[in-house]
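Summary of the model geometry
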Amino acid sequence: MSLLDHLNPEQLAAVTLPNQHALILAGAGSGKTRVLTTRIAWLVQTGNVSPMGILAVTFTNKAAREMLTRISAMLPINTRGMWVGTFHGLCNRMLRAHHREAGLPQLFHILDTQDQLAVVKRVLKALNVDEEKFQPKQVQWFINGAKEEGRRAKDVEAYDEFSRRTVELYAAYDEQCQKDGLVDFPELLLRCFELLSRNEVLRAHYQQRFRHILVDEFQDTNRLQYRWLKLLAGQGNVIFAVGDDDQSIYRFRGANVGNMADFEREFKVPNLIRLEQNYRSHGNILNAANALISHNRRRLGKNLWTAAGEGEPVRIYEAQSDGYEAHWIAGEVQSLVGEGYTRGDIAVLYRSNAQSRVIEHALFSAGIPYRVYGGLRFFERQEVKHALAYLRLLANPEDDSAFLRVVNFPPRGIGARSVEQLQDAARMRDASLWRAAAQLTGKAGVSVGTFVRLIEAMRAGTRGIPLPEAVDHVLHASGLLEHYKSEREGADRIENLEELVNAATSFVRDELPSGAAMAAVDATEGAAPEAGVADAADPWLAAFLAHAALESGENQAGEGIEAVQLMTAHSAKGLEFHIVFVSGLEEGLFPHEQSVTEEDGLEEERRLMYVAVTRARTRLYLSFAQTRLLHGQTRYNVASRFLDEIPAEVQKWLTPRGGGVFDEGAWKAAPPPARLAAKAEGRAAGGRGALPFRIGQSVTHPKFGAGVIVSAEGSGADARVQVNFGRQGMKWLQLEYAKLTAA
Ligand code: ATP
Ligand code: MG
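For the structure given in this document, a descriptive report is provided here. (Residues numbered from 1 in each chain as written. Chains lettered and ligands numbered in written order. Predicted model: local features only at pLDDT ≥ 70, side-chain atom pairs only at ≥ 80, totals over all residues. Heavy atoms only, no water.)

**Here's the deal with the overall build of the protein chain**
- The helix and strand inventory of the protein chain stands at 28 helices and 21 strands.
- The buried share of the protein chain, taken over its 743 residues, is 57%.
- Of the contacts made within the protein chain by residues no fewer than 6 positions apart, 76% connect residues no fewer than 24 positions apart.
- Approximately 31,700 Å² of the protein chain is accessible, and the part contributed by carbon and sulfur atoms is 50%. (Helix = DSSP H or I, 4+ residues; strand = E, 2+ residues; numbered from the N terminus. Buried < 20%, exposed > 50% of the residue type's maximum accessible area, 1.4 Å probe, protein only. Contact = heavy atoms within 4.5 Å. Areas by Shrake-Rupley, 256 points an atom, 1.4 Å probe, with all protein chains shown as cover.)

**Here we look at the packing of aromatic side chains**
- Counting across every chain of the model gives 19 aromatic pairs.
- Where Phe409 meets Tyr484, the ring centres are 6.2 Å apart and the plane angle is 50 degrees; that geometry is what we call tilted. Linking Phe409 in the loop between helix H16 (400-406) and helix H17 (416-429) with Tyr484 in helix H21 (residues 480-485), this pair joins segments that are 75 residues apart in sequence. Pair check on accessibility: Phe409 and Tyr484 agree, each one buried.
- Grouping aromatic residues by their ring pairs yields a cluster made of Phe218, Tyr226, Phe263 and Phe267.
- Its guanidinium or amino end placed over the ring of Phe108, Arg96 lies 3.7 Å from that ring's centre, counting from NZ or CZ.
- Here the guanidinium or amino end of Lys573 rests over the ring plane of Phe59, the centre of that ring lying 3.9 Å away. (Phe/Tyr/Trp six-rings, centres within 6.5 Å; stacked < 30°, edge-to-face > 60°. Lys NZ or Arg CZ within 6 Å of the ring centre and 35° of its normal.)

**Quick look at the side chain of Glu603**
- As for its position among the elements, Glu603 is in helix H25 (residues 599-613).
- Discounting residues that sit within four places of it in the chain, Glu603 has contacts with His295, Asn296, Arg297 and Arg298.

**Let's talk about helix H2 (residues 32-45)**
- Here H2 contains 14 residues, and its C-alpha end-to-end distance of 20 Å stays within 8% of the 20 Å for a straight helix at 1.5 Å per residue.
- With respect to burial, H2 is a largely interior element, 11 of its 14 residues being buried.
- Two residues or fewer after H2 comes Gly47, characterised by a positive phi angle close to 75 degrees. (Expected span 1.5 Å × (residues − 1).)

**Regarding the site of ligand 1**
- Around ligand 1 sit 19 residues, and of these Gln11, Lys32, Gln247, Glu576 and Arg615 come closest.
- For ligand 1, an oxygen atom lies 2.9 Å from a polar atom in the backbone of Gly29.
- At 2.8 Å, a backbone N or O of Arg34 approaches an oxygen atom of ligand 1.
- Starting from 630 Å² of accessible surface for ligand 1 in isolation, the protein chains cover 87%.
- The element contributing the most residues to the shell around ligand 1 is H2, with three residues. (Near = heavy atom within 4 Å. Polar contact = N/O pair within 3.5 Å; in protein donor to acceptor, adjacent residues only side chain to side chain.)

Remember that the coordinates give geometry; whether it matters functionally is a separate question.
Here it is as structure tokens:
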């Protein structure tokens, strides 16, 4: 069977384009990714280019792996020479291989967002900056924004006293990172970009190597990524970019849809191809998506059609609370599995990470294996980060942020005062904390000394043993396991720590021949130690730490076990599933409250919803909850406006439309999923005598429209209720005069 068999004429044309720049602009599910991977296989198979000459970049690690799998399935070749990854992953690989030229220590550590914030705070503190005036998060946001535009502190123009000071903080932060060998996410890109622009030899080397550069999800590249691509393309290489403006959802991280137009203009792209047939979803799902996105004004505009039949209607469910919503999802999953779907066919999507816990809980209680992609970030859990900090100290004892994280964790009697003394000493000598510790005297010297000896013993204890054993050793020797054993809710944490040993095991087994690990080995210039053996200056350890920083938790259900997949709508980009649940469709949550005040923000939310809806192949469920516990508070919700934007003909409500009426049977059959529900019910019961309405009830008002009662006070003629009217806002209404009716 030929590579080109399963392509329609437009796709075929795209795959077999001559060696010229191309832009494929096409809607969801039209085969963009398929075209891109097939083109890679075709280029190699026809001898157009060797696998070494391919650089392909996409948005997530999962998508990159998927791409490699698809290519390997089409071509019986070794894909190792190809560079396929995310922008961050590829830049990491380049920087590891040329760390000296890039001005970085070999074992530089990648800061994730939280670590980065900690460093910002440290810098502010050292400079005695008022955190009220210069909020760490804002400073971080400023730094990242500047880096994403390719600007160092010296390149940023200050227009007033405040911005001048912020720029100074940016400079101080970069200096600190440089001193500690730390690299944040945008720095990976900027550093790599600077390396290539500055170093002609390296640039020429890579330009000669990567003859074909292929970019998926092009609509979500930022300015700097675009410039990086331009550098690598040089004069002679070919860029093949695919994207969909309707799926641009990373504006908040600097994504710039304008790159598509710029690319077309600057490269005088001779080939612009549109794909209009959707192969993923049934008609009703596609109609829902098309109608939804048509509410956006800023679009390049395309038509998507499908040859698949109408299929099933879009199912909509209104739950009383987030707990019930999750419980319903779990029940539905069970019956789907009964119908013959596999758990792997099913995805549950949500707008914000905080929503996952309740759904996880419901699935777990029902005994349904699930896996959380992206977002939940196994490697960002507190206990895991503590363990990683110890490992970082083994790799590089001069890593100050790792030092600070665990110097007194588990608690070993090193007080804040001692730590401050140590920091002062380090500042005075312009040395790392580790170096300063050796010279510290007095009480502080003694207590910090015990920590230094602990780390030294750990380094000795892990020398020359395989990475997973080294990790295990660190968990014990650091006292972390012991510590969490004594904690009330420590069982989960211990499991997570143990999972870290598993992570190291699979890393050594799976990642060995690829990406980060190989790059780290490249960087040792031939002196590669035995596979997976840990050592203080061990590239495997460094590679594992890089992996931990780049990857998020992807391993909840045991490997090889079919699992329901949970993820945010953002991380679902590019993926597809037979069955998709989009949960939490409530005003303020999806669309997110921070976005609805401006037109651009709302359009971006709608694109995100479009991404979510277009993941579904056969069946789409949309659900929302009347009440939800979010950030420790109960919120009373109004259904998302996006539900109104989907044509009524394709909708099928599983609960009475407009809510307020419940299926008593289902109510009683369900175990109480959340304390919250009980509480809300109790309050409503208490109010029933005094008020004709209950809390949580849906109502309508002639002027404000549909709303939900969120609280009440007073009685008789004084009775007032507070109603959330969604877009119209929150209102207090005097019951006697308000023209409220039950919806
Ligand atoms: P997204 O915008 O969501 O990233 P996409 O445009 O990249 O979507 P793909 O993921 O490449 O779309 O394709 C969607 C689905 O359609 C896949 O299952 C793919 O295998 C299938 N498909 C694409 N083209 C064809 C075709 N010509 N014949 C049959 N199936 C196809
Ligand atoms: Mg795709």
